[in-house]
Amino acid sequence: MSTAIVWFRRDLRLTDNPALASAVREHDRVVPLYIHAPHEESPWSPGAASRWWLHQSLASLQERIRALGSRLILRTGNSYDVLQLMINETDADAVYWNRLYEPAAILRDSDIKRRLRAAGVTACSANAALLFEPWTVATRSGDPYRVFTPFWKGCRARLETPEVFEAPNRLPEFRGGIEGGNLAELDLLPVRPWSEGLASAWQPGEPGALDQVDVFMQEALDRYPSGRDFPDRQYTSRLSPHLHFGEVGPRQLMVAITAEMASGPAQEQAGEKFLRQVGWREFAHHILYHYPKTPEEPLDARFAKFPWRGDWQQLYGRWCRGTTGIPLVDAGLRELWSTGWMHNRVRMVVGSFLTKNLRVPWQQGARWFWDTLVDADLANNTLGWQWISGCGPDAAPYFRVFNPVKQAEKYDPDRKYIRRWVPELASLSDQHIASPWNAPAPVMKAAGVRLGETYPLPMVDLKESRQQALDAYQAIKAGDRT
Ligand code: FAD
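All values derive from a computational prediction rather than experimental measurement.

Caption draft 1: Summary view of the packing of helix H14 (residues 344-357) against helix H16 (residues 378-389). The N-to-C vectors of H14 and H16 enclose an angle of 60°; their axes lie 9 Å apart at closest approach. With respect to each other, H14 and H16 are oriented oblique. Handedness of the crossing formed by H14 with H16: right-handed. Contact with H14, carried on its side by Met348, Gly351, Ser352, Leu354, Thr355 and Lys356, involves Trp385, Trp387, Ile388 and Ser389 of H16 and no other residues of that element. Of the residues in the contact of H14 with H16, the class split is five nonpolar, four polar and one charged.

Pasting the structure below:
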């Protein structure tokens, strides 16, 4: 009788889970285990919104595993110590897991693999999270890519429709009186008032993820190319938290999208566009793997000396609360607070506003997103913030400062998004709602808006603060030449 432990981490699914599939294939008994060890991910332990999601996702996985005839064992502590204890308690001779790519996880997992093997235990890891392992993609000279387009071109040429592992149809209960553990004791649920908003916006867990894939393929994919930039329309997949927690994997997406793409040229074009975004996720993991300091340090070293504003704390507080007085920025930050998610276009607008108009260090924005996004992901978040602040790989040029008023005119044409999240301005016309400070007094009066009372005055003048950002950029560029 051989026994294997399957150590679940951010692969909270039964389908296309290579660690689980191998354990089931090669062993008589399988012990599903989740270890709560947030300290091991420090300084990037999961934020509040991620912990809320994790709680729901583990509850869902518990239920799925119970339906297969087994139990998910929950434990808290140092991963190695818990694994050791479980090996002793269950007489396991093997441990299986799927790989993570964050620097702290890589260090921990390599150490655990070495120690288990030294103790005579089989330790096997597999790829469940990416289409391409970061070390398998390189430029012609063998270096990591730093520019997305050639990276994706190289990947796309190698991309084939993958095989996915079916979910097991049974997991026999292991013997022994092992305590299952209590999900509530992991203390993941926040005391924050917003968890109700999260619950009404999302269905965490594998069934929710698979439903979302179906909904996207059936209802939104064909409008993805033309509609994905409009925050008031649901034409993006909203799969990011499901992908982050591994409730669905990119190989499954690839299979679903390939099937859709076969149905006509429009679907083919839409599928390609969508895959390209999944490619950005691959690129983000590639960058984090090869440049593990990027969550804290800019990839473009010139930005280490960028003259960020010294007194940014108060401005940052207003930005976080969505009370900047710039309607599109406030709409995005309120959407984030309320639902744990923000549309990609608006992430770029609020990021540009924070790092350029306010000159608050990008790391502060990344921290706020880390705590409040349900899809907070070290690779994607780091890339997003470095990109928008102009200091990362393949970054938006620093001098490209998003104008939130023009962005609203272009991407929120009916201003529905602003009206939804900034209801105190809802009575203003389309012409004035994105820049109420320009509206004539009678218009403001008729709409019942008093700047500084019912809605904040803008924190900064957009034109002036843009110029200050450009001057600061010139200063580091000049410093570079000396
Ligand atoms: P879709 O458009 O449907 O895309 C499908 C999938 O592709 C996404 O679920 C995501 O996994 C991936 N993807 C799409 N765009 C990107 C991108 N630009 N970079 C990396 N992967 C991408 N994404 C996160 O998952 N977690 C984060 O913490 C995160 N932080 C960000 C911070 C900033 C400042 C910016 C500008 C972007 C950030 N993104 C992050 C990327 C992007 O905004 C989200 O992935 C996207 O909005 C998720 O919505 P969706 O699932 O509907 O995307």
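Next comes the rest of the account.
Caption draft 2: Representation of helix H12 (residues 313-321) in the model. All of the buried residues along H12 are Leu315, Tyr316, Gly317, Trp319 and Cys320. Residues of H12 that are buried sit in contact with helix H13 (327-339), H14, helix H15 (362-372) and H16.

Caption draft 3: Region of interest: the pairing of strand E2 (residues 29-36). Across the eight residues that make up E2, a large majority, eight, are buried. Covered by surrounding structure in E2 are Arg29, Val31, Leu33 and Ile35 together with Val30, Pro32, Tyr34 and His36, the residues of both alternating faces. Inspection of the sheet shows strand E1 (residues 3-8) paired to E2 by six bridges, in the parallel sense. Of the residues in E2, the one forming a bridge with Val6 is Pro32. Between the parallel elements E1 and E2, the chain passes through helix H1 (residues 18-26) in a crossover that is right-handed. The pairing of E2 with strand E3 (residues 73-76) spans four bridges and is classified as parallel.

Caption draft 4: Broad picture of the pairing of strand E5 (residues 122-126). Bridge count between strand E4 (residues 94-98) and E5: five bridges; the pairing is parallel. Residue pairing in the sheet places Tyr96 in a bridge with Cys124 of E5. Taken together, E4, helix H4 (residues 103-118) and E5 form a β-α-β motif whose crossover is right-handed.

Caption draft 5: Looking closely at the pattern of salt bridges. One pass over the full model with this rule turns up 19 salt bridges. Here Arg99 makes a salt bridge to Glu133, at a shortest N to O gap of 2.5 Å. Of the two residues, Arg99 sits in the loop between E4 and H4 while Glu133 sits in the loop between E5 and helix H5 (148-158), which places them 34 residues apart along the sequence. Arg99 gets classed as partly exposed once you look at its relative accessible area, which sits at 23%. Two residues, Arg233 and Asp232, come together in a salt bridge whose shortest N-O distance is 3.7 Å. Taking relative accessible area as the criterion, Arg233 reaches 28% and is therefore assigned partly exposed. Classification of Asp232 as partly exposed rests on a relative accessible area of 26%. Through salt bridges with shared partners, a single ionic network connects Arg9, Glu40, Arg108 and Asp109.

Caption draft 6: Molecular detail of the sheet that holds E5. Reading across the sheet, the five strands line up as E3-E2-E1-E4-E5 and stay open at both edges, with parallel pairing between neighbours. Edge strands, defined here as strands with exactly one partner in the open sheet, are E3 and E5. Strand-to-strand, the axes of this sheet are offset by a mean angle of 25°, without reference to chain direction. Strands E1, E2, E4 and E5 of the sheet are contacted by H1, whose axis makes an angle of about 155° with E4. This element, helix H3 (residues 79-90), spans E1, E2, E3 and E4 of the sheet and lies at about 155° to E2.

Caption draft 7: Molecular detail of the packing of aromatic side chains. Tallied over the full model, the rule gives 31 aromatic pairs. Arranged with centres 5.7 Å apart and planes meeting at 70°, the rings of Phe148 and Phe283 form a pair that is edge-to-face. Remark: Phe283 occurs in helix H11 (residues 265-290) and Phe148 occurs in helix H5; sequence separation between them is 135 residues. Given the relative accessible area of 0%, Phe283 is considered buried. Ring geometry for Trp319 versus Phe369: centroids 6.3 Å apart, planes at 15°, classification stacked. Of this pair, Trp319 sits in helix H12 while Phe369 sits in helix H15; the two residues are 50 residues apart in sequence, bridging distant segments of the chain. By the burial criterion, Trp319 is buried, and Phe369 matches it. Pairwise contacts between aromatic rings join Tyr145, Phe148, Phe151, Trp152, Trp280 and Phe283 into one cluster. The positively charged end of Arg9 is found above the aromatic ring belonging to Trp7, 4.3 Å away from the centroid.

Caption draft 8: Local environment of the site of the ligand. In the neighbourhood of the ligand, 25 residues make up the surrounding shell, with Tyr224, Thr236, Ser237, Arg238 and Asn344 lying closest. Leu239 has a polar backbone atom sitting 3.0 Å from an oxygen atom of the ligand. One nitrogen or oxygen atom from the main chain of Ser240 is found 3.1 Å from an oxygen atom belonging to the ligand. Alone, the ligand offers 820 Å² of accessible surface; in the complex the protein occludes 95% of this. Counting only elements with at least two residues in the shell around the ligand, the list comes to helix H9 (240-244), H11, H14 and H16. Broken down by element, the residue count for the shell around the ligand peaks at five residues, all from H11.

Conventions used here
- Residues numbered from 1 in each chain as written.
- Predicted model: local features only at pLDDT ≥ 70, side-chain atom pairs only at ≥ 80, totals over all residues.
- Heavy atoms only, no water.
- Axes fitted to C-alpha atoms, helices over the stretch in contact; angles between N-to-C directions.
- Helix = DSSP H or I, 4+ residues; strand = E, 2+ residues; numbered from the N terminus.
- Parallel < 35°, antiparallel > 145°, perpendicular 65-115°, else oblique.
- Left-handed = near helix turned anticlockwise from the far one by under 90°.
- Contact = heavy atoms within 4.5 Å.
- Nonpolar A, V, L, I, M, F, W, Y, C, P; charged D, E, K, R; others polar.
- Buried < 20%, exposed > 50% of the residue type's maximum accessible area, 1.4 Å probe, protein only.
- Pairing = 2+ DSSP bridges.
- Right-handed = clockwise from strand over helix to strand, strands pointing away.
- Salt bridge = Lys/Arg side-chain N within 4 Å of Asp/Glu carboxyl O.
- Phe/Tyr/Trp six-rings, centres within 6.5 Å; stacked < 30°, edge-to-face > 60°.
- Lys NZ or Arg CZ within 6 Å of the ring centre and 35° of its normal.
- Near = heavy atom within 4 Å.
- Polar contact = N/O pair within 3.5 Å; in protein donor to acceptor, adjacent residues only side chain to side chain.
- Areas by Shrake-Rupley, 256 points an atom, 1.4 Å probe, with all protein chains shown as cover.

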